[in-house]
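# Survey of secondary and tertiary structure
Single-letter residue listing:
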Amino acid sequence: MTNAPNIILVGPMGAGKTTIGRLLSQSLEREFYDSDRVIEENAGADIPWIFEKEGEDGFRKRETQALQGMLEEHAQTPIVLATGGGIVMREENRQILGEQPLVVYLYASVAQQLQRTAKSNHRPLLQTGNPRETLQRLFDTRDPLYRQVASVIVETDSRHPKNVAKKVLDAINKHLLEKS
Ligand SMILES: Nc1ncnc2c1ncn2[C@@H]1O[C@H](COP(=O)(O)OP(=O)(O)OP(=O)(O)O)[C@@H](O)[C@H]1O
Ligand SMILES: O=C(O)C1=C[C@@H](O)[C@@H](O)[C@H](O)C1
Ligand SMILES: [Mg+2]
């Protein structure tokens, strides 16, 4: 597992990509990156500000740059990378992700996404009158795209983060064994 390739987590807001990514990086002793944080660091501004000033399109351009930059920078040493929920929206990103050997789709139902995102107001796309409807609409569009780029799918509903991280490691091991 130490020599396994980059582990890239995709999935909707509230799937736990950031939370599980951190746990995986600790247990594998690898560096952890989160594309949302890298975008904020590169921009010197937070995500709500970027959405307000540059729109979603401006944010998506930054997301592609961050993804490419991180993969180039860490081409020699495998990392754990949590992505933003909308990374699969751009064809260019799907192509980049499709070329990566280990992309994990953290699946969460809309009900669970809603519960997990309710406490934060840092997700501009959910600052609407009806976040449940928004999450459902995003899910309908994005679920097939996550599946398209993923090599492994792990269900996260009603599971403690530590339990999800263990399931991810088991699923990755199984996938790598099947491929070898
Ligand atoms: N398996 C889990 N069980 C319970 N709570 C969880 C679980 N996974 C994540 N959470 C909680 O849900 C919230 C959202 O998790 P997190 O930020 O990791 O999601 P994310 O997939 O990175 O979302 P985003 O796409 O918006 O970055 C956090 O408060 C986190 O503690
Ligand atoms: O699902 C999305 O489109 C987003 C998810 C977050 O991770 C951030 O990348 C941003 O809030 C947009
Ligand atoms: Mg996150």
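Just so you know, the residues in each chain are numbered from 1, in the order the chain's sequence is written. Labels are handed out in written order, letters beginning with A for the chains and numbers beginning with 1 for the ligands. With the structure being a predicted model, the display of local features is reserved for residues of pLDDT at least 70 and the display and counting of side-chain atom pairs for 80 or more, all residues being used for whole-chain, interface and lining totals. Where side-chain values are given, they derive from all heavy atoms of the structure, hydrogens and water being excluded.

Defined as follows: UniProt positions are given in the numbering used here, feature names are shortened, and annotations may be inferred rather than shown by experiment.
With an unreviewed UniProt entry as reference, the chain is termed Shikimate kinase, source organism Maribrevibacterium harenarium. Taken directly from UniProt, the Subunit (unreviewed entry) text for the chain runs: "Monomer." Entered under Sequence similarities (unreviewed entry) in the UniProt record, the comment concerning the chain runs "Belongs to the shikimate kinase family."

## Structural notes on the site of ligand 1
Note the threshold: Any residue with a heavy atom positioned within 4 Å of a molecule or strand is treated as near that molecule or strand. In protein, a polar contact requires one atom able to donate a hydrogen and another able to accept it; more generally it is a pair of N or O atoms within 3.5 Å, and residues adjacent in sequence count only if both atoms are side-chain atoms. Here the Shrake-Rupley method, with its probe set to 1.4 Å, supplies the accessible areas, and only the displayed protein chains count as covering residues. Only DSSP runs of H or I with at least four residues qualify as helices, and only runs of E with at least two residues qualify as strands; both kinds are numbered from the N terminus onward. Any residue outside Ala, Val, Leu, Ile, Met, Phe, Trp, Tyr, Cys, Pro, Asp, Glu, Lys and Arg is labelled polar, Gly included; the first ten of those are nonpolar and the last four are charged.
Among the 15 residues in the neighbourhood of ligand 1, the closest are listed as Lys-17, Thr-18, Thr-19, Arg-123 and Arg-159. Within the side chain of Thr-19, a nitrogen or oxygen atom sits 2.5 Å from an oxygen atom of ligand 1. When isolated, ligand 1 has an accessible area of 640 Å², and the protein chains bury 74% of it. Breaking the shell around ligand 1 down by element, the ones donating at least two residues are α1 (17–28) and α7 (161–179). Top element by residues in the shell around ligand 1 is α1. It accounts for three residues. When the residues that make up the shell around ligand 1 are grouped by side-chain class, the tally is five nonpolar, five polar and five charged.

## Some words on the site of ligand 2
Contacts to ligand 2 come from Met-13, Asp-36, Ile-47, Phe-59, Arg-60, Gly-84, Gly-85, Gly-86, Pro-124, Leu-125 and Arg-142. With respect to ligand 2, the side chain of Asp-36 contributes an N or O atom lying 2.6 Å from an oxygen atom. Take Arg-60: an N or O atom from its side chain is 2.7 Å from an oxygen atom of ligand 2. If ligand 2 stood free it would expose 310 Å²; the protein chains cover 96% of that surface. Counting residues per element, the shell around ligand 2 draws most heavily on helix α3 (residues 47–73), which supplies three residues.

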